[in-house]
Each structure stands twice: as C-alpha cells, then as structure tokens.
Amino acid sequence: RAAAEIRFVDHVARLSSLAIRLPQTNFESEGFWNLTSGAYELKGQASQISISALAEALDIRQLRIEGEGETRFVVSGRAAQGAAETAAPDPFSLTLIANTSQLKINQRPVVDYRVYAGTSAQGVLRVAVNTLSGPAPRREEELLLVTAALRDPVLPVTVRGEVSKMEITPLLAILAPDQEWVRNGTLSGRISIQGPTRTTQGERTIERLAGDLVLEEMQLVVAENQLRLASPVSMRVEGGKMAVPPARLLGQGVELVVRGTTGIAPERPLDLSLRGSLNLADLSGIESALSLQGVQGRVKIEAQAGGTVQTPNLTGAIDLQNLGLSFPDLPIFLSNGNGLLTLASETLRIESFRATANEGRLEARGELQLEGLQPRQWQLRFKVEGAELHDRDLSASLSTELSLSGTPDGQTLTGSINTTRLEYDARIDLDSLLASGAAGGTRGGGAGLDLDLRATGGEADLATFRALLNWGAFEVKAIPAPTPAPASTAAATVAKLKADNADLVKQIADLQAQ
C-alpha cells in the first residue's frame, strides 16, 4: 500500500508525505524539487527491511542471508537545467546511516553492522562499516573505511581497516557454510588497498588495485581443536590476485601449511596448496564427532585447490599410517591400518587400505562422490580373512567379501560370509531377539541398510547364523554351501520369520535343550 501528497507552489514541487507499506518493510520520505534552479532534497527512513529480499534483489544467491535492517538518509543537490544539461551536474550530497539486526549468514548468527555514508564538497564518498556486538547499548567498533572519488573518471578507491581479535563467524559462514566442525575463530590484522576501479574507457576493472592484507594473529576452533597462526603473514594484492606466502597453522597434533595465490573476485583463478600432518590420538573431539573409540594413527595431507574462487577444483592425496580404532556398539577393532586416499575434483578414492581387523586381515577399496565435501554417493569393497568376532554371547571365525553402496538416504550391503566356527550361548532367547527386531530396532543407526548376503559353513553354524541375521529390519538371503539353489527370503517380522523357518526354530530349540 502506498500513499503520497505532492504540492506545487511557486515552481517548487514539494513532496510532503510519501508512505509505502509492504508486508515486511515500511518506507517514509519527504522532499522538494525546485523546477527553476534544479535544486532538490529528499530525506526519509525505512524500517523492518528484509535482508533476504534485499540479497535476492542484488542477485546474491550463493549465500543465505537473513535478518532485518533500518536506514535513515538525506540526499540533496542541484540537477543540470536547460542548455546546461550536457554539463556535469553539481555534486550531490548524501548522508546515510543503516543498521542490521539479528543477522544470519547460511543459518549461522553473526555480528550486526552499522554503515555510515556521506559525501564531501569535493565529491568524495566516504563509507564506514562498523560492527555491533553485545547487549544494548551495543559496542561499536570500526571495521572498514572505504573512500571513492566520484568525480574522477577512473573512480579511484581506498580500503583501509584494522581489527583486533575480531570474530570471524561471518567469514566461516561464507567460506564453510555446511561444515559444522569449523565452529568459530578470531583474527587480528589490517588491510590497505587502493587504486582505480575503471579504465579510461569507463570499463570496470580490479587489475590496478594494489595493497597489503596482514594477518597478525588468527585462531580457529575446528572440531574442538584450537588452531593458531604460527607467525604473522603479509599477503600482497596486485594484478587482480593475492599472493599467500607460507602460512603455518599449529595445534595439538596438527601442523598445516598453506601457500599460493587466490583471485580477489569470484571468477578469478585459484592456486593454493595445503600440506601437513595430523596425529589422531592428540585431536580433541574426533572420537565423539565420528562415533568411534580408541582412534590413533597419523594422517599426512597434500592437497591443491585450482579452478576459480567461485568453483574450486580440489585434488590431492591423504596418506594413512598405523591407523587404529574401534566402534562403541560393534565388536570390531582395527589396528595397523595403512592406506592411500586420492582426491580428484569431487571424487574421493580409496586406492588401497590394509589393516588388522579382529586378529584377521582387512583390505578395502572404493570411492565416494562428494558434494560440498559431504558424501553424496559411495561404492566400497571390503575383504576380510580370518577375523575373530566376539559379541556378548556370540563367537565366530569369519571371512567375508562385501560391497557397500548407497547414498545418505539408504545403502545396500552385498557379498558373501564364510564361517569356520560359530558359537552361541544357550541363554540366547530367540523369541526376544526376534521380537526386538520386529519392533524396528537395529544397532548402529545411520542410513537405512539392506542386506543381500551369501553364507557358507557347517549345518549347525549356518542354522544359527541365518536365524540371527534375520533379526531386525533386514532382508537376508542365505545359501548353505555347496548347494547352488537360490536362497529363500525371510521377512523381518516375528510371525513371518517363524512360519518360514519352523524347522530351523525347532533345531535351535533342540540344540538349546542339549
């Protein structure tokens, strides 16, 4: 809804009231325009401005920006009139104050900002960007000061700023929006860049911007681990790119070195390298983050980022040395794990991996398709020989060849299991096992899992193995070796399972009685 009142008095058009009411924004203004001299003035205010709608209007689609804003402004000047229309108009005067509130970037709360903008009599625009933090009255600190000579055809600008222990949550929200393990951080440093932003032909350019960006201190919290910049780093901006000298990040069990060049615009080339090592036993929070226990070993990383700033192309290798771990809810223990993983664009490939698993030998290969460093599809192959499985009242000697494929929505495990020994305690209550499984309970959680397994072994081992694997929401196919006939399928409900396996249930009951 909009309403306006305009009056003409003595060659002056006077806007006495302009009110615009939108679902989320209110706008009010007033002003005048002298039709004879060309002098004008417009002042007003806007409140409850939708930051997300503003970002959409500015075509900022790669970021999800939320929050509200408000602004007050005054614009005045003198427009060219009549024969003087070809000449440059008198410089206009601008005064503006804008605030944000409850600002979020990619669903992460960040600090709010206050912007002051104004022009001088010489036509120089000055914009100060300050941060707002804490409860009211909010603490205000200057972040950046930008100036632009509006009358100069090449539009020279200067950007200067200095910060001390500034929270970098907004940067993390932009650079790592989906990585919850990168939690927060602070930095201290300064920036000084200047140069023309247009060519003599009036085209936009960043090639002639030059200056320095200095990081004096930086701390990051990554998955509960404190990382710090080992020494100050001075990065030179020139020719549309920024040179990054070797920058060392250190932490308990962590040493990383980044170097290379990066463009200062989304379409500019990117050429960065990352090298370092991780001592898994010294990392905090890795076990809870991965739902593992007893994690140990060493990881060496060599990675490169090419392509452009907007669409980076990641390549590299990850060397696993003496990896060891166990699972809280599964009787699986790995040790002496060594392997090589390679990264090419959006594919993480397990070139080789060998480890000791439950006193047996484990080999693994496969690949994962990534999207934003998150798995979106995988195809993995495992081979286990001579593993000993001990879980509560169940003990077995197993060799397996399995394939695991799927997506975050569901996965399928197929392959064969060969058992040379399978023992269980007579106290196992089959009815209780089946009832708990039919209720939908499965151990381990995660994405839904379908099973398609071929089992071989002695008759007693196979009977017990088949009965136990049909516990839960799994569909299992089991074939006693060397019978080549297709396996019968048992549904995962108590009634159906007992009906289809009446003889099997009787055999187990007889064994328990013995």
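Since this is a predicted model, take the numbers as computed values, not measurements.

Further remarks concern the overall build of the protein chain. Secondary structure assignment for the protein chain yields 7 helices and 29 strands. The buried share among the 514 residues of the protein chain stands at 35%. Across the protein chain, every contact between residues at least 6 apart in sequence was considered, and the portion connecting residues at least 24 apart equals 43%.

As for its position among the elements, Thr262 is in strand β17 (residues 254-263). For Thr262, a relative accessible area of 13% puts it in the buried group.

A few words now on the packing of aromatic side chains. Inspection of the entire model under this criterion finds 1 aromatic pair. Aromatic side chains Phe27 and Phe73 sit 6.2 Å apart centroid to centroid with 15° between the ring planes, which places their arrangement in the stacked category. On the criterion of sequence distance, the pair formed by Phe27 in strand β3 (residues 26-34) and Phe73 in strand β5 (residues 65-78) is long-range, its members being 46 residues apart. On the basis of relative accessibility, which here comes to 15%, the residue Phe73 falls in the buried class.

Next up on the list: the confidence of the model for the protein chain. On average, residues of the protein chain score 80 in pLDDT, and 75% of them reach the 70 mark or higher. Here residues 430-447 is modelled with pLDDT under 50, and outside its nearest four sequence neighbours on either side it reaches 29 contacts, counting other chains as well. Across residues 467-492, confidence stays below pLDDT 50; counting only partners more than four residues off in sequence or on other chains, it has 64 contacts.

Attention now goes to a nonpolar patch on the surface. A surface patch of nonpolar side chains, amounting to about 450 Å² of accessible area, comprises Ile6, Phe8, Trp33 and Leu35. Secondary-structure assignment places Ile6 in strand β1 (residues 2-9).

What follows deals with the environment of Arg139. Note on placement: Arg139 falls in strand β10 (residues 139-149). With sequence-adjacent residues up to four places away left out, Arg139 is seen in contact with Thr131, Leu132 and Ser133. Within the structure, the side chain of Arg139 is placed 3.3 Å from the side chain of Glu141, a separation counted as a polar contact.

Counted by the stated rule, this structure contains 15 salt bridges. Arg114 is the salt-bridge partner of Glu140, the closest N and O atoms lying 3.0 Å from each other. Of this pair, Glu140 sits in strand β10 while Arg114 is found in strand β8 (residues 112-119), placing the two residues 26 residues apart along the sequence. For Glu140, a relative accessible area of 31% corresponds to the partly exposed category. Glu217 is paired through a salt bridge with Lys165; the nearest N and O atoms lie 3.3 Å apart.

The next point concerns the pairing of β8. Note: strand β6 (residues 93-105) against β8, 5 bridges, orientation antiparallel. Directly across from Thr95, in β8, lies its bridge partner Gly118. Two strands pair when backbone bridges link them, and β8 and strand β9 (residues 124-133) are joined in this way by 8 bridges, in the antiparallel orientation. Its bridge partner being in β9, Val115 is matched across the sheet by Val129.

Here the focus is the pairing of β9. Here β8 hands over to β9 after 4 residues, with Gly123 in that stretch at a positive phi of 80°. Where β9 folds back onto β10 in an antiparallel hairpin, the turn is made up of 5 residues, including Gly134, whose phi is positive at roughly 80°.

In terms of nonpolar packing, the biggest core is built from 66 residues, with Leu229, Leu278, Leu280 and Phe353 touching the most fellow members. In contact with Phe353, not counting residues within four places along its chain, are Leu320, Leu323, Gly337, Asn338, Gly339, Leu362, Glu363 and Ala364.

This brings us to the side chain of Thr205. In this fold, Thr205 is placed in the loop between β12 (182-196) and β13 (210-222). Within the structure, the side chain of Thr205 is placed 3.1 Å from the backbone nitrogen of Glu207, a separation counted as a polar contact. Setting aside chain neighbours within four positions, we find Thr205 in contact with Pro196, Thr197, Arg198 and Thr199.

Relative to the elements of secondary structure, Asn279 occurs in strand β18 (residues 270-279). Separated by 25 residues in the primary sequence, Asn279 and Val254 have C-alpha atoms spaced 6.5 Å apart. Ignoring sequence-local partners within four residues, the contact set of Asn279 consists of Gly253, Gly297 and Arg298.

Turning our eyes to something else, we now look at unusual backbone geometry. A positive phi angle is found at Gln48, which is not glycine, with a value near 55°. Along the polypeptide, Gln48 turns up in strand β4 (residues 39-50). Residue Gln48 is classed as partly exposed on the basis of its relative accessible area, which comes to 41%. Within the chain, Gln102 stands out as a residue other than glycine whose phi angle is a positive 55°. Position of Gln102 relative to the elements: it lies in strand β6.

Before going further, it helps to examine the environment of Leu422. With respect to the helices and strands, Leu422 occurs in strand β26 (residues 410-424). Separated by 32 residues in the primary sequence, Leu422 and His390 place their C-alpha atoms 10.0 Å from one another.

About the criteria used
- Residues numbered from 1 in each chain as written.
- Predicted model: local features only at pLDDT ≥ 70, side-chain atom pairs only at ≥ 80, totals over all residues.
- Heavy atoms only, no water.
- Helix = DSSP H or I, 4+ residues; strand = E, 2+ residues; numbered from the N terminus.
- Buried < 20%, exposed > 50% of the residue type's maximum accessible area, 1.4 Å probe, protein only.
- Contact = heavy atoms within 4.5 Å.
- Phe/Tyr/Trp six-rings, centres within 6.5 Å; stacked < 30°, edge-to-face > 60°.
- pLDDT = per-residue confidence, 0-100.
- Patch = residues over 30% accessible without salt bridge, like charges linked within 9 Å, V, L, I, M, F, W, Y side chains within 5 Å.
- Areas by Shrake-Rupley, 256 points an atom, 1.4 Å probe, with all protein chains shown as cover.
- Salt bridge = Lys/Arg side-chain N within 4 Å of Asp/Glu carboxyl O.
- Polar contact = N/O pair within 3.5 Å; in protein donor to acceptor, adjacent residues only side chain to side chain.
- Pairing = 2+ DSSP bridges.
- Core = buried A, V, L, I, M, F, W, Y, C linked by side-chain atoms within 4.5 Å.

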